[in-house]
Amino acid sequence: MVCYASLELVVECKIIEHQGGLMAETSNVSAIASRISDDIFRYFYWTTHPKKDDNFICSNPEHKSSDDSPKATHPGDVMFFYQDPYLQKTIYLHTDLKSYADKSITTRMLKSALHSLCMAVECANQSKDWRNKYSVDASDPHEVRGLLFVHNWTKGYDKPFYEAIARVDLHNLPVAPGTILHYLGPHDIQRLYSIGNDIVRLVHSDRLPKNYTFYYPDLMLFRRHGEIWEQPATIEALTGPYLILKHGAAEKVGQGYVIYFNRPAATPEALLYLLDILSRYQMLESNELIRIRLTNVDVPDDMRSAFLIAKQRYARDWGFDPVRERLLSAIEIDTITSVTDTYNPGATGWRE
């Protein structure tokens, strides 16, 4: 399936973009993959396999190249993996890195990239060659998914990607039963890069300990498993409306939560929705520090006024309970610094 992700495991598909025209060379893929891992995903406790920019043997005779000849191999730029705290298995993200400049992205390019990724993931889920290359024990519970990582290296003009992806007919892609694809576009990459930078800033200023975890409440259909600390951020959490980080005490703060709110926060209604989520997860009753960090770049100047209205409405809905009012008043809200990455992967192109 190709779909959208959220904390409740409603899966979300996201796609990767291309860097300014067809590129022939691929020599910089490993370097860019390492930078992405260091600058973004290591702060979310993802692991990167050391093998990068390699092919594995195609074992499906139905898989065809663009000239309709049988495919010999499938490409793989980088493999990210983590332990899913709900599913109790390792999620492997077979990742295709793309980069593009300004208006060069097209629907045809995206459809071709997704089509190729669908075939690669279908083969990877059954391939001994793939498992050998990426050190995967077939007896260990695991799942292989596709990740299309699309970066705009010229910055500031992401509209073509989102217009192009909206025109891709996802239902016509050759997605094998049970297969999941995800994509991260320019806005997602910018946001995750900025969140990673914010975590570094908080740790450096002694407002967050070096050891933290991502928070997964027990849901109606899913229960969290494993150790509570240093749990990774799943791809669903990273692409959802909010990302919850739980931490112990640091030098300047007590234990508590940092909530990265990934949706526009221009209205009291949007912030009221977030307060309702915190209450549903019983975080408002924890008597722990709660810090909301807004990740959207278009935060209005009167954001704190909107948050005050949201807290007043929430307290009114609860009958102005003094204890709940005190808990609401202690919640901190601020914006994160939007940081622009410096990736210029001129060697990552569109390939099958």
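Residues numbered from 1 in each chain as written. Predicted model: local features only at pLDDT ≥ 70, side-chain atom pairs only at ≥ 80, totals over all residues. Heavy atoms only, no water.

### Structural notes on helix 7 (residues 268-280)
Item 1. Between its terminal C-alpha atoms helix 7 stretches 18 Å, which fits the 18 Å expected from 13 residues at 1.5 Å a residue.
Item 2. Buried within helix 7 are the following residues: Pro268, Ala270, Leu271, Leu274, Leu275, Ile277, Leu278 and Ser279.
Item 3. Along its buried surface, helix 7 packs onto strand 9 (242-247), strand 10 (256-261), strand 11 (289-294), helix 8 (303-317), helix 9 (322-329) and strand 12 (332-335).
Item 4. Looking one or two residues beyond helix 7, the residue adopting positive phi is Gln282, at roughly 60 degrees. (Helix = DSSP H or I, 4+ residues; strand = E, 2+ residues; numbered from the N terminus. Expected span 1.5 Å × (residues − 1). Buried < 20%, exposed > 50% of the residue type's maximum accessible area, 1.4 Å probe, protein only. Contact = heavy atoms within 4.5 Å.)

### Observations concerning the sheet that holds strand 5 (residues 89-100)
Item 1. Spatial strand order, 1-4-5-6-7: five strands in an open sheet with mixed pairing. At either margin of the open sheet sits one strand with a lone partner, and together these are strand 1 (47-48) and strand 7 (181-184).
Item 2. In terms of strand pairing, strand 6 (residues 142-152) meets strand 7 through four bridges, oriented parallel. The residue of strand 7 that forms the bridge with Phe149 is Leu184.
Item 3. In the packing of helix 5 (residues 186-204) onto the sheet, the strands contacted are strand 5, strand 6 and strand 7, and the crossing angle to strand 6 comes to about 95 degrees. (Pairing = 2+ DSSP bridges. Axes fitted to C-alpha atoms, helices over the stretch in contact; angles between N-to-C directions.)

### Description of the packing of aromatic side chains
Item 1. Throughout the structure, instances matching the rule amount to 15 aromatic pairs.
Item 2. A ring pair is formed by Phe261 and Tyr273, whose centres lie 6.5 Å apart and whose planes are at 35 degrees; its orientation type is tilted. Highlighted residues: Phe261 in strand 10 and Tyr273 in helix 7, separated in sequence by twelve residues.
Item 3. Its relative accessible area of 1% is what places Phe261 among the buried residues.
Item 4. With a relative accessible area of 35%, Tyr273 lands in the partly exposed category.
Item 5. Clustering of aromatic rings is evident, with ring pairs tying together Phe41, Trp46, Phe80, Tyr82 and Phe149. (Phe/Tyr/Trp six-rings, centres within 6.5 Å; stacked < 30°, edge-to-face > 60°.)

### Comments concerning the sheet that holds strand 10
Item 1. An order of 8-9-10-11-12 is seen for the five strands of this open sheet, with the pairing classed as mixed. On the outer flanks of this sheet lie strand 8 (212-214) and strand 12, each paired with one strand and no other. The average undirected angle you get between the axes of adjacent strands in this sheet is 25 degrees.
Item 2. Sheet analysis places strand 9 next to strand 10, joined by six bridges and oriented antiparallel. Within strand 10, the position partnered with His247 by the bridge is Gly256.
Item 3. Of the strands in this sheet, strand 8, strand 9, strand 10 and strand 11 touch helix 5, which is tilted by about 150 degrees from strand 10.
Item 4. Relative to the sheet, helix 8 contacts strand 11 and strand 12, its axis offset from that of strand 12 by approximately 150 degrees.

### A look at the confidence of the model for the chain
Item 1. A residue-level look at the chain finds 83% of positions with pLDDT of 70 or above and a mean pLDDT of 82.
Item 2. Per-residue pLDDT stays below 50 along residues 1-27; that stretch engages in 137 contacts with residues further than four places along the chain or on separate chains. (pLDDT = per-residue confidence, 0-100.)

### So, the packing of helix 7 against helix 8
Item 1. It is the contact of helix 7 with helix 8, at a shortest axis distance of 8 Å, that shows an interaxial angle of 55 degrees. Between helix 7 and helix 8, the crossing angle belongs to the class labelled oblique. Two packed elements cross with a definite hand, and for helix 7 against helix 8 that hand is right-handed. Contact residues: Pro268, Glu269, Leu271, Leu272, Leu275, Asp276 and Ser279 in helix 7; Met303, Ala306, Phe307, Ile309, Ala310, Lys311, Arg313 and Tyr314 in helix 8. (Parallel < 35°, antiparallel > 145°, perpendicular 65-115°, else oblique. Left-handed = near helix turned anticlockwise from the far one by under 90°.)

### Observations concerning the side chain of His182
Item 1. The topology assignment puts His182 in strand 7.
Item 2. Side-chain polar atoms of His182 contact the side chain of Arg145, separated by 3.1 Å. (Polar contact = N/O pair within 3.5 Å; in protein donor to acceptor, adjacent residues only side chain to side chain.)

### Focus: the environment of Val168
Item 1. Topologically, Val168 is positioned in the loop between helix 4 (159-166) and strand 7.
Item 2. As for Val168 and Met109, which are separated by 59 residues in sequence, their C-alpha atoms are 9.9 Å apart.
Item 3. Non-local contacts of Val168, meaning those with residues more than four positions away in its chain, are made with Thr107, Leu110, Lys111 and Leu114.

### Quick word on the pairing of strand 11
Item 1. Burial runs high along strand 11: six of the six residues are buried.
Item 2. Because side chains alternate across strand 11, one face comprises the buried residues Leu289, Arg291 and Arg293, and the other comprises Ile290, Ile292 and Leu294, equally buried.
Item 3. Of the strand pairs in this sheet, strand 10 and strand 11 are connected by six bridges, and their pairing is parallel. Bridging from a neighbouring strand, Ile259 pairs with Ile292 of strand 11.
Item 4. With helix 7 bridging strand 10 and the parallel strand 11, this β-α-β connection has right-handed handedness. (Right-handed = clockwise from strand over helix to strand, strands pointing away.)

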